[in-house]
Amino acid sequence: MKTSNQANAEKTMDNFREYLNSANHNIVGENLDCSSAKGFICESITKSRRFILKIRVDESIGYAILEAYSGITIPTPYRTMAAEYCMRESDKRKVSYLGIDSQGSIYCHCETSFKDGPVSGRTLKSMEGVAFGSLLSCYDDLQQIARGVLLDKENEEKDPLDLLSRLRRDMGMDDEDDSDHHSDIPDIDIGEMLKRLGSDDDDDDDDEEDDEEIA
């Protein structure tokens, strides 16, 4: 007999699959093994950014976890600086945090529980919006760090209305002409990104205690 977590995990997977297939996503891969954690790796293209999404539905802890990668990779000499920056930015957030993986790739982590019921596609869309907004707000700073530029820790905070406007444009919610909007999208080697994300799966077990708390 299925436990409530198993049933909720299966329904959550169905909801996510339906949403990803109907929205602006290219599903690259779906984890169909017999482990407790299933999910998706896919690509999402906005007006000016290309994101890789790693989505995990883990019935063992009862959480759906989304990690969005912006395509920024920090060279080894600057990763400590990037990690410190991500910690400072994460302290400003309530439902997400920025991180840097073992390969130097920057990502935003969001999670929500399905212990009391399955997670809907609409909730996944909201999680995407939070992740995209977080990465967008820090994109320029992270590009500078990737070049070895030391940022002022007391950087003036960005105008939230300006960030919202930029996010709306990126997600195609404005009426501006977008006939050539893909021309400045940073190029991401999807094969390399998938290889990197796959190599990080071995580290997931170490993070399960952290996953039990909502970011």
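Our structure is the block above this text.
Overview of the structure. (Residues numbered from 1 in each chain as written. Predicted model: local features only at pLDDT ≥ 70, side-chain atom pairs only at ≥ 80, totals over all residues. Heavy atoms only, no water.)

### Some details on the overall build of the protein
Heads up, the condition is: Runs of E in the DSSP output that reach at least two residues are strands. Runs of H or I that reach at least four are helices, and both are numbered from the N terminus. Relative accessibility under 20% of the residue-type maximum defines a buried residue, over 50% an exposed one, and the middle range a partly exposed one, all with a 1.4 Å probe and only protein chains included. Contacts: residue pairs with any heavy atoms within 4.5 Å of one another. Exposure was quantified through the Shrake-Rupley algorithm and a 1.4 Å probe, taking into account, for residues, occlusion by the shown protein chains and nothing else.
Helix and strand content of the protein: six helices and six strands. By the burial criterion, 43% of the 215 residues in the protein qualify as buried. In the protein, once contacts between residues fewer than 6 apart in sequence are set aside, the share between residues at least 24 apart is 65%. In the structure as shown, the protein presents an accessible area of about 11,700 Å², 46% of it carried by carbon and sulfur atoms.

### Observations regarding the nonpolar core
Note the cut-off: Think of a nonpolar core as a cluster: buried Ala, Val, Leu, Ile, Met, Phe, Trp, Tyr and Cys residues, connected wherever their side-chain atoms sit within 4.5 Å.
Judged by nonpolar contacts, the single largest core of 37 residues is most densely connected at Phe 16, Ile 55 and Ile 145. Sorting the residues of this core by element identifies helix H1 (4-22), strand S2 (37-45), strand S3 (50-58), strand S4 (63-73), helix H2 (79-90), strand S6 (105-113) and helix H3 (121-146) as the ones contributing at least two each. Sorting elements by how many residues they give to this core places H3 first, with ten residues. Beyond its immediate chain neighbours, meaning those up to four positions away, Ile 55 contacts Phe 16, Leu 20, Lys 38, Gly 39, Phe 40, Cys 42, Ile 65, Leu 66 and Leu 124.

### With respect to the packing of aromatic side chains
Ring pairs (aromatic) are described by centroid distance and by the angle formed between their planes. What counts here: Ring pairs shown here join Phe, Tyr and Trp side chains whose ring centres sit within 6.5 Å, with only the six-membered ring taken for Trp; geometry is labelled stacked below 30 degrees between planes, edge-to-face above 60, and tilted in between. To sit over a ring, a charge needs its Lys NZ or Arg CZ within 6 Å of the ring centre and within 35 degrees of the ring normal.
Counting across every chain of the model gives two aromatic pairs. Ring centres of Phe 51 and Phe 132 lie 4.2 Å apart, and the angle between their planes is 15°; this geometry places the pair in the stacked category. One end of the pair, Phe 51, is in strand S3; the other, Phe 132, is in helix H3, with 81 residues separating them in the sequence. Both residues of the pair, Phe 51 and Phe 132, count as buried. On the numbers, 5.4 Å between centres and 35° between planes, the contact of Tyr 69 with Tyr 107 is tilted. Of this pair, Tyr 69 sits in strand S4 while Tyr 107 sits in strand S6; the two residues are 38 residues apart in sequence, bridging distant segments of the chain. The pair Tyr 69 / Tyr 107 is uniform in exposure class, with both members buried. Sitting over the ring of Tyr 139, Arg 49 keeps its end group 3.8 Å from the ring centre.

### A look at the sheet that holds S4
So the rule is basically this: Two strands are said to pair when DSSP picks up at least two bridges between them. What counts as an axis is a line fitted to C-alpha atoms, over the stretch in contact for a helix, and the angles between N-to-C directions run from 0 to 180 degrees.
Across the sheet, six strands lie side by side as S1-S2-S3-S4-S6-S5; this open sheet has antiparallel pairing. Every other strand in the sheet has two partners, leaving strand S1 (25-31) and strand S5 (97-100) as the edge strands with one partner each. When the angles between neighbouring strand axes are averaged without regard to direction, this sheet yields 25°. Docked against the sheet, H3 engages S1, S2, S3, S4, S5 and S6, running at close to 30° with respect to S4.

### Things to note about the pairing of S5
Side chains on a regular strand alternate between the two faces of the sheet. Pairing geometry for S5 and S6, over four bridges, is antiparallel. Note that in S6 the partner of Tyr 97 across the bridge is His 109. The turn joining S5 and S6, which pair antiparallel and follow one another in sequence, is formed by four residues; a positive phi near 90° is taken by Gly 104.

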